[in-house]
Amino acid sequence: MVCVVIVAVTLLALQAVLLNQLDERVAEASARSLGPSGPGTEGRPGGGQLALIDKQGPDTVSAHVVGDQVTSAEVLASTGEIRGVPAADYPALLALPVDGKVYTHDFGDLGEYRLMAVRPTPRDVVITGLPMSEVDDTLLSTGLILGGVALVGLLAAGGAGALIVRRTLQPLQDVARTAGRVAELPLDRGEVAIAERVPARYTDPRTEIGQLGLALNRLLGHVDNALTARHESETRVRQFVADASHELRTPLAAVRGYAELVRRGGDATPEVAHAIGRVESEAARMTTLVDDLLLLARLDSGRPLDHSTVDLSRLVVDVVSDARVAGPEHHWRIELPAEPVTVPGDDARLHQVLANLLSNARTHTPGGTTVATRLSTTDTEVVLSVTDDGPGIPDDLLPEVFERFARGDSSRSRAAGSTGLGLAIVAAVVQAHGGDVGVESRPGHTEVTVWLPLTAAAQE
């Protein structure tokens with residue numbers, strides 16, 4: 001915009017100067033037309049002042065008006081030839097104000113002219129004009145030159161500005177790369193140490209970029225401290241859960257033993273026998289809960305699992321057979337490939353994964369539900385799925401179904417005393433094997449799928 005304004009103002013100023021010079025030349029030419037052989041002399045037919053047209057410069061227009069008629073109007077060409085002005089322009093010549101001022105008129109093929117009309121006698125009017133072609137050519141040439149210079153200057157300024165800006169903002173790219181590396185860290189779990197920091201050369205507090213680098217470093221320091229505190233808190237909680245679960249196992253075993261001893265004594269009244277039975281069943285339920293909590297605490301602490309070759313085909317057959325005995329009112333189906341499927345892992349924990357999935361399907365679906373267990377393989381992993389045609393998982397529970405203590409609403413069966421840890425254990429064990437687990441559910445179709453790698457995966 002600055003270049004456009006400069007070019008426009010320059011051209012307007014130059015045009016004013018050139019027009020002023022042209023008008024002065026028009027006045028001089030008009031004065032020469034009024035010389036000794038002016039109007040009233042008989043230098044040649046058609047107008048006495050035209051005898052002096054050869055004293056004018058090239059392309060000069062000279063016209064003589066007597067009364068309301070143009071008696072002559074001619075142009076002296078650059079070759080010395082005298083040509084007449086088209087008659088179509090005579091009305092414009094007659095309408096030209098006779099006030100000694102200069103006006104512009106377009107003669108068509110002859111181009112634009114600056115004209116001046118003077119009255120040497122009461123009945124005569126002499127019109128003299130010079131072309132504006134020189135002014136237009138000069139303006140065009142000057143405009144092209146100024147435009148070219150402005151364009152070159154603009155390109156040079158743009159290139160230099162881009163280089164300067166890129167060089168100046170280079171530290172911001174380093175700051176952004178530092179933030180990007182921190183963003184890629186797994187900050188949601190485990191012990192995390194943020195060692196990334198903005199380099200010291202970009203932390204000068206006297207510059208804006210240095211202030212940004214210092215602020216980011218302070219932020220990363222605060223986040224690092226917060227993550228360390230979070231990890232220490234989680235470690236203490238996990239240790240507490242593990243210790244509490246371990247310590248509770250002995251008294252719970254004692255309670256169950258004494259309850260069973262009293263129940264077998266046979267001397268208790270029916271009311272006492274019922275109470276002892278309830279104590280025994282609740283102690284068994286609490287033992288299961290404690291065992292689940294202890295397992296989760298050990299998995300959270302990163303305790304390594306056993307890694308041996310596990311025959312998943314045999315494991316599926318065994319677990320589904322146990323589920324068929326526990327839930328005879330359900331229909332149990334198995335789909336296995338022809339060849340045995342094996343994976344590296346912990347046999348007992350993988351057995352618990354499938355047992356929890358089948359127990360979950362049996363517990364939360366009515367009798368008559370079909371539960372299908374399928375096993376298949378791909379090039380890199382084993383796919384184990386448990387599907388049922390029961391009522392499905394509520395939509396509000398589906399996003400957090402693998403969270404700990406996640407339970408459905410009261411309309412779902414809780415006959416087996418669910419603790420809400422079954423699917424959480426499934427997710428934790430599968431993750432410890434380097435696999436993944438997912439669920440899809442709608443009324444009439446619920447499918448939980450487990451993906452396990454065919455090769456041993458490092459425990460996280």
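Residues numbered from 1 in each chain as written. Predicted model: local features only at pLDDT ≥ 70, side-chain atom pairs only at ≥ 80, totals over all residues. Heavy atoms only, no water.

**A look at the overall build of the protein chain**
Secondary structure assignment for the protein chain yields 8 helices and 13 strands. When contacts within the protein chain are restricted to residue pairs at least 6 apart in sequence, long-range pairs at least 24 apart make up 59% of them. When the accessible surface of the protein chain is split by element, carbon and sulfur atoms take 57% of a total near 25900 Å². (Helix = DSSP H or I, 4+ residues; strand = E, 2+ residues; numbered from the N terminus. Contact = heavy atoms within 4.5 Å. Areas by Shrake-Rupley, 256 points an atom, 1.4 Å probe, with all protein chains shown as cover.)

**A word on the confidence of the model for the protein chain**
Put simply, the protein chain has an average pLDDT of 81, and 87% of its residues get 70 or more. For residues 37-52, every residue scores under 50 in pLDDT, and the model assigns this stretch 33 contacts once sequence neighbours within four places are set aside. Counting interchain partners and residues more than four positions distant, the pLDDT-below-50 stretch residues 409-416 has 10 contacts. (pLDDT = per-residue confidence, 0-100.)

**Things to note about the sheet that holds strand β11 (residues 381-388)**
In space, the 5 strands of this open sheet follow the order β8-β10-β11-β13-β12, with mixed pairing throughout. If you trace the sheet from one side to the other, it starts and ends with β8 (331-335) and β12 (436-442), each paired once. The average angle at which neighbouring strand axes cross in this sheet is 10°, direction not considered. Of the strand pairs in this sheet, β8 and strand β10 (residues 370-377) are connected by 5 bridges, and their pairing is parallel. Bridging from a neighbouring strand, H331 pairs with T370 of β10. Contacts from helix α6 (residues 312-326) reach β8, β10, β11 and β13 (445-453) within the one sheet, and its direction differs from that of β8 by about 175°. Strands in contact with helix α8 (residues 422-432) are β12 and β13; relative to β12, the strand with the most contacts, it is inclined by about 145°. (Pairing = 2+ DSSP bridges. Axes fitted to C-alpha atoms, helices over the stretch in contact; angles between N-to-C directions.)

**Structural notes on the packing of α6 against helix α7 (residues 347-363)**
Packed helix pairs are characterised by how far apart their axes lie and by the angle those axes make with each other. Look at α6 against α7: their axes get within 10 Å of each other, and the N-to-C directions meet at 40°. Along this stretch, α6 crosses α7, giving a crossing that reads as right-handed. Packed against α6, whose contacting residues are L312, R314, L315, V316, V319, V320, D322, A323 and A326, the element α7 presents D347, L350, H351, L354, A355, L358 and R362 at the interface. In terms of residue class, the contact of α6 with α7 is made up of 11 nonpolar, 1 polar and 4 charged. (Left-handed = near helix turned anticlockwise from the far one by under 90°. Nonpolar A, V, L, I, M, F, W, Y, C, P; charged D, E, K, R; others polar.)

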